[in-house]
Amino acid sequence: MDVVVVERGDVARAKPEPEPVYRLRAATRVAPSESYVVGDAVWDQLAARRAGILSVGLLSGGYGETELLSAGAYRVYRDPAELLRSLDELGLEA
């Protein structure tokens, strides 16, 4: 699997605008219904919501669970390990 990176300099408008998410979707050719944005900031959640993609929050960026949920996170996990253990909640397999 290839790794796709979208950096701030690749887009005219950064998060919370959805442009970085659109650019990533175009590069990976993955449908929004088959995608999740994983982020640790409210800006990640807002960008995902504006792009029409479900988002998952991680409590590693200094934002609390309530803030991430209010910004649009579908679920919030303590860290990537808890997210990995909980993939079935997202309809995914490890």
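Refer to the structure presented above.
Everything numeric here is computed off the predicted structure, so don't read it as measured data.

The next subject is unusual backbone geometry. Put simply, Lys15 and Pro16 share a cis peptide bond, and its omega is 20 degrees. Looking at the element boundaries, Pro16 is found in the segment before helix 1 (19-28). Despite not being glycine, Arg29 shows a phi value in the positive range, around 55 degrees. In this fold, Arg29 is placed in the loop between helix 1 and strand 1 (36-39).

The sheet built from 3 strands is open, its strands ordered 1-2-3 with parallel pairing. Strands with a single pairing partner mark the edges of an open sheet, and in this sheet they are strand 1 and strand 3 (73-77). Across the sheet, the mean angle from the axis of one strand to that of its neighbour is 20 degrees, orientation sign disregarded. Pairing geometry for strand 1 and strand 2 (residues 54-58), over 4 bridges, is parallel. Opposite Val38, over in strand 2, you have Val56 as the bridge partner.

Thresholds applied
- Residues numbered from 1 in each chain as written.
- Predicted model: local features only at pLDDT ≥ 70, side-chain atom pairs only at ≥ 80, totals over all residues.
- Heavy atoms only, no water.
- Helix = DSSP H or I, 4+ residues; strand = E, 2+ residues; numbered from the N terminus.
- Pairing = 2+ DSSP bridges.
- Axes fitted to C-alpha atoms, helices over the stretch in contact; angles between N-to-C directions.

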